[in-house]
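What follows is the residue order along each chain.
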Amino acid sequence: MPLTIPREELMEKGHTACAGCGAALAMRYVLKGLGPKTVVTVPASCWAVIPGEYPSAALDVPLVYTTFASTGATISGIREGLDIQGKEDYNVVGFAGDGGTADIGLQSLSAAMERGHNVLYVMYDNEAYMNTGIQRSGSTPYGAWTTTTPVGSRRKYKREEKKNVAEMMISQGVPYVATATIAYPEDLERKISVAKSIRGPKYIQILSPCPPGWYYNSSDTVRISRLAVETKFFPLFESIQGKFKLFKPAKILPVKDYLSIQGRFSHLTEEEIDEIQKAVDRRWESLLQREKQDAIQ
Amino acid sequence: MPLIPLAYVPSSSNVMSSWRTSRPVIDYDKCTRCGICWKYCPDVAIDLAPGEGYSAPNQRFKSLEVPVIDYDHCKGCGICSTECPFSAIEMVREE
Amino acid sequence: MQSANSTMKIMTGNEAVAEGVRLAKVGLVSAYPITPQTVIVERIAEMISNGELNSRYIEVESEHSAMSSVIGGELSGVRSFTASSSHGILYMHEALHWAAGMRLPIVMSVVNRAIGPPWNIWSEQTDTFNQRDTGWLQVYCESNQEALDSIILGYKIAENRNMLLPFMNMLDAFTLSHTSEPVEIRDENLVSEFLGEFNLEARIDLKNPMGYGSLVSPDGPFMEMKKDIRDSMYNLKVIKEAINEFNEKVGGGIPGLIEKFMMEDADYALITTGAISSTAKYTVRKLRRMGIKAGLIRLYFYRPFPGDEIIEAISDLKGVGVVERNSSFGYMGATYQDVVSAAYGRLSVPIKNYVVGLGGRDVRVKDFEFMFQDLKNADTGMRWVNVGVK
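These figures come from a predicted structure and were not determined experimentally.

**Student:** Describe in detail the overall build of chain C, supporting the description with residues and values.
**Tutor:** A count of helices and strands for chain C gives 14 helices and 16 strands. Considered along the principal axes of its C-alpha atoms, chain C spans approximately 65 × 55 × 45 Å. Within chain C, buried positions represent 55% of all 390 residues. Put simply, 81% of the contacts in chain C that link residues at least 6 apart link residues at least 24 apart.

**Student:** Can you lay out the interface of chain A and chain C for me, pointing to particular residues and giving the numbers?
**Tutor:** Listed as interface residues are 36 residues of chain A and, on the opposing side, 37 residues of chain C. Residue assignment for the side of chain A that touches chain C shows that the elements contributing at least two residues are α2 (46–49), β3 (63–65), α3 (71–84) and α5 (106–115) of chain A. The element that contributes the greatest number of residues to the side of chain A that touches chain C is α3 of chain A, accounting for eleven residues. Pairing between β3 of chain A and strand β9 (residues 211–212) of chain C: two bridges, direction parallel. Within β9 of chain C, the residue paired with Leu 63 of chain A across the bridge is Gly 211 of chain C.

**Student:** So what's going on with the domain arrangement of chain C? Which residues, and what values?
**Tutor:** Residues and elements named next belong to chain C. For chain C, the assigned domains are domain 1 (7–249) and domain 2 (258–384). Contact with domain 1, which involves 24 residues of that partner, is made by 21 residues of domain 2. Those elements giving two or more residues to the side of domain 1 that touches domain 2 turn out to be α6 (126–129), β6 (137–140) and β7 (167–172). Examining the composition of the side of domain 1 that touches domain 2, we find that four residues originate from one element, β6, more than from any other.

**Student:** Give me the interface of chain B and chain A: which residues, what numbers.
**Tutor:** Each side of the interface is counted separately: chain B has 31 residues, and chain A has 30 residues. Mapped by element, the contributors of at least two residues to the side of chain B that touches chain A are β2 (9–10), α1 (36–40) and α2 (79–83) of chain B. Counting residues per element, the side of chain B that touches chain A draws most heavily on α2 of chain B, which supplies four residues. Inspection of the sheet shows strand β2 (residues 56–57) of chain A paired to β2 of chain B by two bridges, in the parallel sense. What sits directly across from Ser 56 of chain A, in β2 of chain B, is Val 9 of chain B.

**Student:** How would you sum up the pairing of strand β15 (residues 351–355) of chain C? Please name residues and give values.
**Tutor:** Side-chain direction in a regular strand flips from residue to residue, so the side chains alternate between the two faces of the sheet. Residue and element names in this part refer to chain C. Burial analysis of β15 places five of its five residues in the buried class, which makes it a mostly covered element. What you see with β15 is no split at all: Ile 351, Asn 353 and Val 355 on one side and Lys 352 and Tyr 354 on the other are buried throughout. In this sheet, β15 lies alongside strand β14 (residues 319–324) in parallel orientation, the contact comprising five bridges. Residue pairing across strands places Val 323 opposite Tyr 354, the latter belonging to β15. By the bridge criterion, four bridges tie β15 to strand β16 (residues 381–384) in an arrangement that is parallel. The residue of β16 that forms the bridge with Asn 353 is Met 382. Read as a crossover between parallel neighbours, the route from β15 over helix α14 (residues 365–375) to β16 is left-handed.

**Student:** Explain helix α7 (residues 144–159) of chain C residue by residue, including any values.
**Tutor:** Residues and elements named next belong to chain C. Relative to the 22 Å expected for 16 residues at 1.5 Å per residue, α7 spans 23 Å between its end C-alpha atoms, a close match to the ideal helical length. The largest bend in α7 is about 25 degrees, located at Ser 150. A large share of α7 lies buried, amounting to 16 of its 16 residues.

**Student:** Got a sec to walk through the sheet that holds β6 of chain C? Specific residues and values, please.
**Tutor:** Residue and element names in this part refer to chain C. Judged by pairing direction, the sheet is mixed, and its seven strands sit side by side in the order β3-β2-β4-β5-β7-β6-β13 without closing on themselves. Across the chains shown, the open sheet's two edge strands, defined by having one partner strand only, are β3 (56–58) and β13 (301–303). Within this sheet the neighbouring strands show an average axis-to-axis angle of 20 degrees, counted without direction. By the bridge criterion, four bridges tie β6 to β7 in an arrangement that is parallel. The residue of β7 that forms the bridge with Gln 138 is Met 168.

**Student:** Account for the nonpolar core, with residues named and values stated.
**Tutor:** Counting 231 residues, the largest nonpolar core has Val 30, Phe 95 and Val 122 of chain A together with Ala 99, Ile 152, Ala 269 and Ile 271 of chain C as its most contacted members. Among the elements that make up this core, the one with the highest residue count is helix α1 (residues 22–34) of chain A (nine residues). Two domains share this core, each providing at least three of its residues, namely domain 1 (7–249) and domain 2 (258–384) of chain C.

**Student:** I'd like to hear about the pairing of strand β4 (residues 80–85) of chain C, residue by residue, with values.
**Tutor:** All names here are of chain C. Of all the six residues making up β4, six are buried; the element is thus mostly covered by neighbouring parts of the structure. Side chains of β4 alternate between two faces, with Ser 80, Thr 82 and Ser 84 and Phe 81, Ala 83 and Ser 85 buried alike. Taken together, the two bridges between strand β2 (residues 28–30) and β4 define a ladder with parallel strand orientation. Note on β4: the bridge partner recorded for Leu 28 is Ser 80. As paired elements, β4 and strand β5 (residues 107–112) share five bridges and run parallel to each other. The residue of β5 that forms the bridge with Ala 83 is Ser 109.

**Student:** Which residues make up the environment of Phe 301 of chain C, and what values go with them?
**Tutor:** Residues and elements named next belong to chain C. Mapped onto the elements of the fold, Phe 301 is located in strand β13. Judged by local crowding, Phe 301 falls into the buried class, with 21 C-beta atoms found within 10 Å. Note: C-alpha distance between Phe 301 and Leu 257 (44 residues apart in sequence) is 5.0 Å. For Phe 301, the residues in contact, after removing those within four places along its chain, are Val 139, Leu 257 and Pro 306.

**Student:** Got a sec to walk through the confidence of the model for chain C? Specific residues and values, please.
**Tutor:** Averaged over all residues, the pLDDT of chain C is 96; the fraction at 70 or higher stands at 98%. For this predicted complex, the interface confidence comes out at an ipTM of 0.97, alongside a pTM of 0.96.

Thresholds, definitions, all that
- All residue numbers refer to position in the chain's written sequence, counted from 1.
- Here chains are named by letter from A upward and ligands by number from 1 upward, in the order in which they appear as written.
- For this predicted model, a pLDDT threshold of at least 70 governs which residues receive local features, and a threshold of 80 or more governs which side-chain atom pairs are given and counted, while totals over whole chains, interfaces and linings are taken from all residues.
- Helix and strand assignments follow DSSP, with helices taken as H or I runs no shorter than four residues and strands as E runs no shorter than two, numbered in order from the N terminus.
- Buried residues are those with 20 or more other C-beta atoms within 10 Å of their own C-beta, exposed residues have 12 or fewer, and partly exposed residues lie in between; C-beta atoms are placed from the backbone.
- Two residues form a contact once the distance between their C-beta atoms, set from the backbone, is within 7 Å.
- At least two DSSP bridges between two strands are required for those strands to pair.
- Where each domain starts and ends follows an automatic or database-derived domain assignment.
- The handedness of a crossover follows from its direction of travel: if, with the strands pointing away from the viewer, the path from the first strand over the helix to the second runs clockwise, the crossover is right-handed.
- One fewer than the residue count of a helix, multiplied by 1.5 Å, yields its expected span.
- Here the bend at a residue means the angle between the axes of two seven-residue stretches, the one that ends at it and the one that starts at it.
- Fitted lines through C-alpha atoms give the axes, limited to the stretch in contact for helices. The angle between two N-to-C directions lies from 0 to 180 degrees.
- In this usage, the nonpolar core is the set of buried Ala, Val, Leu, Ile, Met, Phe, Trp, Tyr and Cys residues whose C-beta atoms join them within 7 Å.
- Each residue carries a pLDDT score, the predictor's own confidence in it, on a scale running from 0 to 100.

Given below as structure tokens:
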């Protein structure tokens, strides 16, 4: 049958990700795009546990486990080490969660990008510290329940806006920055190809829904990530050498459609959902503006 | 050589079937061999196999590869069933 | 011993370390500047910029990232180096455990500087004493020559396939790092022959993709892996052979696991580490001229701890003083506890603990004279020397 994404699997069966895990799909697609000449690092995160207990290995490429904060630094060291041995055609990719990227790993990410190493940094964004049991991260969206923002009678759900690491990377001048999600694997594969073709630092953020953390039925993972894009909750954009491009979905849906099927948002009132819709619309407008400005220049 | 923490056994040797509460069953009479289920499986538990011997909606589909569920590694998440545009996959409760 | 192609130069400890790195043909250097180590990284950057050293150089943004990127470099199959001090090495503490646990033969130079608060940039060994549990091999240098030689010796020992543990060598802040001494720059070819090409068996290999680090349960070989670190570190044969080979083939001067100074018929001895040992030796010579049978044991290796060598050296003494230039709060001094645990059940020599020179306070001849005098009381316990007197 004609396949729309590369056929070769570089991720093994039998890994221990939850049923319906978005992060497992993210890794599967990233590896298909990069091919077998790849070295992957994972920090403390779901993916440090997904390959299973020793001696189980879930990837058909070398996988380096690192300390939580050091993804950016480790890929820099691997890259320079491989390069000095003439192995410049190996792909080096740091595959970190939102915790290890937006929070504890932000320093080493920012520095690795600034130093300009030829590395790809992929943030798989499940929007909380999922591996340790659903605690909030800087990447948790406004309104979400997590174990450290557990709503309660005082309604202490996450009151802070999602930290936008992709936009931070654009403002740092990273040559290629993109957001993607697992519902659109062809789009993700195209973005991986673009990243591969650039010699320098690249950053791709993949929204990866998490059934236990977002509190939904595992069969809806792809559906939810599709809705995230269609409701403009998670805009898909690219910045190529500073030029910003926004993907506009064919049909645009109200955020309510996205929020209502996830238990982590079930406490929100009509008014609160309205506020979220307004915030989503505002951000969308500013992204449209940005694209327009880049087109003019 | 010292005892270094290096993992070397492919995880495919782990059987994951006990994680399931229901299993996907493909109705090959409805399956158009579009490949969407294969594409969206997080557990690489759908293999592509030669189409001989599988029933098909009509003659034209007979020569195409078919998706085959690997029940040793399927965790029963149900994504394939939800995403199949032709409702060709049903989630059947395990005993 | 001066060989055909070696040269004598006047240089500081930091410059000597940089020379050692150059001679070892390191392929990746990644370091973050911190006083008083900065000259090491600056000098290495200079060497790379004018082609004296063919190495990659990563100007990292923190010490934690310095060690993490060096871990990455070693795993990719390249001999790697970093250097730090004080708060920097505390910042990379997590990564030190990771480097040792991954069995990577990294060499790091540490310029021993005090830990704050309050801020203090002068000599004190608390920073590396804080790392003695990590599984790293540790040596304390007394001279700039030793600082250079330890880098070469370090790679030789660390890269031995029956050792495969990271190695740190220490030099006192300013006393060694910034003070010039005559140093012999060893013959490049002899060093290359001594070290050989770097060949990490378990490096990243596309043909053999593995998980480096993994996740081990209580039933898995976690304890076995940790015991293996302990057993490998205590492979003293590897260390002693490397020292002998270095002394024979590259250039002499490495004393062994410890250095014994005027110990043959000594009645009283002090145990020291680092540059204060020179002042201690001066004091020993002075006391000997006065007829007092003083001696000095200098610990070169701290990890693995040379317990047997120390016991052999002190078994006939009337008193021993363990001198710490570090603070380890809670009970007795760090070195003292290691010495006493080596002595337990084997000796009845009175052993005393002295804390000196914290925050770079000068450790003077009269302080050593005081300690030798104090040993005559044949008691035990801890005394902080030259404290509270103003």
